[in-house]
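# Coordinate inspection notes
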Amino acid sequence: MKPILSIENLHKTLPDEGNSRLFSGITAQIDAPEIIALLGASGQGKSTLLRILAALDIADKGDIRLHGIPLSEWKPTDWRQKVGYVAQHAVMLSGSVEDNLRTVSMLHRTAFDRPLAERLMSSLGLEGAWGKRAGEMSGGEKQRVSLVRSLLMRPDVLLLDEVTASLDAHSKHAVESLLAEWRRQEGATAIMITHDLAQAAQMSDRIWFMSEGTLLEDDKTDSFFRQPKTDAGRRFIQLPATGEQPCQL
Ligand SMILES: Nc1ncnc2c1ncn2[C@@H]1O[C@H](COP(=O)(O)OP(=O)(O)OP(=O)(O)O)[C@@H](O)[C@H]1O
């Protein structure tokens, strides 16, 4: 069986004067459907990595494959149908919420699955939002509509950039429940950036931890939170680094 997604030796430099390195040597593989929490301090390049996987940015070096086929051999629209992306700040198309949901199906020449859209919208508390002008919605509403828009494509891989960061507790819980249910029912893979460690611990099967300009740890969620392999990982989850004494209260 070919891996669902494989990343081989990915490098990214920033287009500033010094062409400084953002990350390098990122290699990882997803063999079976799972939820991966992508963790790391601000500025490590998590969003950039996700945008590269969504084919919205390009790496300077390295190889990405979906089902064994390199990104360069995919038609961009086919890649984007199979790899859904929900940005940190969701971008809405013009028109109503319903227009936004329908347009994506039109672009990909697939039938609009109205029953699925209704189920997804209701589960995120958006049942009354169909006729609203998409541009006039709050940031949190846009994020939820953007998630529904992506799920309607039934992507093999879903890339989520802090999708619950601007949501109230109720909406956040609704998104988390929907994603858990989606994984159970659709066997989907998701890579989600989050700064919420409790959410990562509760929702993910695996942790990708970015630090020191690379993917420093790739481990089962339980192992990462019990015993990170690196001092940077230990510091990140606020365990004392190896050799240090736990602080006494
Ligand atoms: N197109 C670009 N041009 C210049 N700098 C960029 C570009 N894209 C990202 N950066 C810079 O790269 C660094 C990493 O950004 P990125 O958003 O990927 O990090 P992150 O780990 O997701 O951070 P956060 O957790 O704060 O969202 C930042 O310093 C950002 O300013």
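Okay, so let's go over this structure. (Residues numbered from 1 in each chain as written. Predicted model: local features only at pLDDT ≥ 70, side-chain atom pairs only at ≥ 80, totals over all residues. Heavy atoms only, no water.)

## Regarding the pattern of salt bridges
Enumeration over the complete set of coordinates arrives at 15 salt bridges. Put simply, Asp63 and Arg65 hold a salt bridge, and the shortest N to O gap is 2.7 Å. By relative accessible area, Asp63 is classed as partly exposed at 25%. Since its relative accessible area comes to 30%, Arg65 is described here as partly exposed. Note that Glu98 is salt-bridged to Arg102, the shortest N-O span being 2.9 Å. You can see Glu98 and its partner Arg102 sitting in helix H3 (residues 97-107), 4 residues apart, about one turn around the helix. In this structure Arg102 comes out as partly exposed when scored by relative accessible area, which is 35%. Taken together, the shared-partner salt bridges connect Glu98, Arg102, Arg114 and Glu118 into one network. (Salt bridge = Lys/Arg side-chain N within 4 Å of Asp/Glu carboxyl O. Buried < 20%, exposed > 50% of the residue type's maximum accessible area, 1.4 Å probe, protein only. Helix = DSSP H or I, 4+ residues; strand = E, 2+ residues; numbered from the N terminus.)

## Comments concerning the sheet that holds strand S7 (residues 157-161)
Read from one edge to the other, the open sheet built from 6 strands follows the order S6-S7-S8-S3-S9-S10, with strand pairing classed as mixed. Since the sheet does not close on itself, it has two edges, and those belong to strand S6 (83-86) and strand S10 (214-220), each with one partner. Across the sheet, the axes of successive neighbouring strands diverge by a mean angle of 15°, strand direction being ignored. The pairing of strand S9 (residues 206-211) with S10 spans 6 bridges and is classified as antiparallel. (Pairing = 2+ DSSP bridges. Axes fitted to C-alpha atoms, helices over the stretch in contact; angles between N-to-C directions.)

## Thoughts on the pairing of S7
Across the 5 residues of S7, 5 count as buried, placing the element largely inside the fold. Here 5 bridges tie S7 to strand S8 (residues 189-193), and the two strands are oriented parallel to one another. Residue pairing across strands places Leu160 opposite Met192, the latter belonging to S8.

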